[in-house]
Amino acid sequence: MSSHHIVREKQEPALLLLGLSNFSAELLGQLLEWSPTVITIPFVAEQLNAHEIKIDFIVSDELNEDLQSDIKLVHPQGASMIEAAMKYLIKHDYQAVNVVADDIDLQALAMFADKINVVIYTGNKKIYAVSPGFSKWKPAGEIIRILSVYLNLQFSGLRQLDEKTFITTNDGFIRLNFDGDLIFIAEDI
């Protein structure tokens, strides 16, 4: 018996690749599994091309003709690479994006986190924005780091190790509540 999956355009998160130095090829393969829209920068495009990974868009003012055919440009128009890519995705109604980067500028992504669901992969960390009242099932013993400044943090299912680091106490739901709109948290992958 075979199963058929119908994936509508923009149903899967887009994939913004800004750096691959410390990123697992296996995890990259998982992110590419459902054929997302792939957006990258010139340096990473050369790496992707060497591994025969299809690129849809490059954030640049010019295209290297030695790369693949049918690559479209996202012109930065004075914006940073991240800002140009995020504005493009939001303008074209993408609901979510997975970002892979060596180093990440959370401030640059924070201004878009209320318009598009952003999940960041850097090294062995998965980073994402959460709203007050966030809850998620986690196994016992997992580390959660809060990467943003927060006010009046209340939590359950966690034990605080230091100002920004927490560990899950049991298998079950963790909960975070705080004053403000969003904070970024990181978990190990």
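Before reading further, recall that the structure is shown in the block above.
Scope of this entry: the structure provided in the associated data block.

Procedures and definitions
Residues numbered from 1 in each chain as written. Predicted model: local features only at pLDDT ≥ 70, side-chain atom pairs only at ≥ 80, totals over all residues. Heavy atoms only, no water. Core = buried A, V, L, I, M, F, W, Y, C linked by side-chain atoms within 4.5 Å. Buried < 20%, exposed > 50% of the residue type's maximum accessible area, 1.4 Å probe, protein only. Helix = DSSP H or I, 4+ residues; strand = E, 2+ residues; numbered from the N terminus. Contact = heavy atoms within 4.5 Å. Arc of directions from axis to C-beta. Polar contact = N/O pair within 3.5 Å; in protein donor to acceptor, adjacent residues only side chain to side chain. Pairing = 2+ DSSP bridges. Axes fitted to C-alpha atoms, helices over the stretch in contact; angles between N-to-C directions.

## Observations regarding the nonpolar core
In step 1: Of all hydrophobic cores here, the largest spans 62 residues; its most connected members are Leu17, Met86, Leu89, Val97 and Ile185.
In step 2: Ranked by residues supplied to this core, first place goes to helix H3 (residues 81-91) with six residues.
In step 3: Every residue in contact with Leu89, bar those within four places of it in the chain, is listed here: Ala14, Ile39, Tyr94, Val97 and Ile116.

## Topic: helix H1 (residues 25-32)
In step 1: Looking only at H1, the buried set comprises Leu27, Leu28 and Leu31. With its buried residues spanning 105° around the axis, H1 presents them on a single face. When the buried face of H1 is taken as reference, the exposed residues oriented beyond 90 degrees from it are Ala25 and Glu26.
In step 2: Elements that come into contact with the buried residues of H1 comprise strand S1 (14-17), strand S5 (96-100) and strand S6 (117-122).
In step 3: The opening residue of H1, the one whose side-chain oxygen lies 3.2 Å from the backbone nitrogen of Glu26, is Ser24.

## Side note on the sheet that holds strand S8 (residues 134-138)
In step 1: The strand order across the open sheet built from three strands is S8-S13-S10, with neighbouring strands paired in antiparallel fashion. Strands at the two margins of the open sheet, each flanked by one partner only, are S8 and strand S10 (151-156). Recorded for the sheet is a direction-independent mean angle of 20° between the axes of neighbouring strands.
In step 2: For S8 and strand S13 (residues 172-179), the ladder comprises five bridges, and the chain directions are antiparallel. Its bridge partner lying in S13, Ser135 is registered against Arg175.

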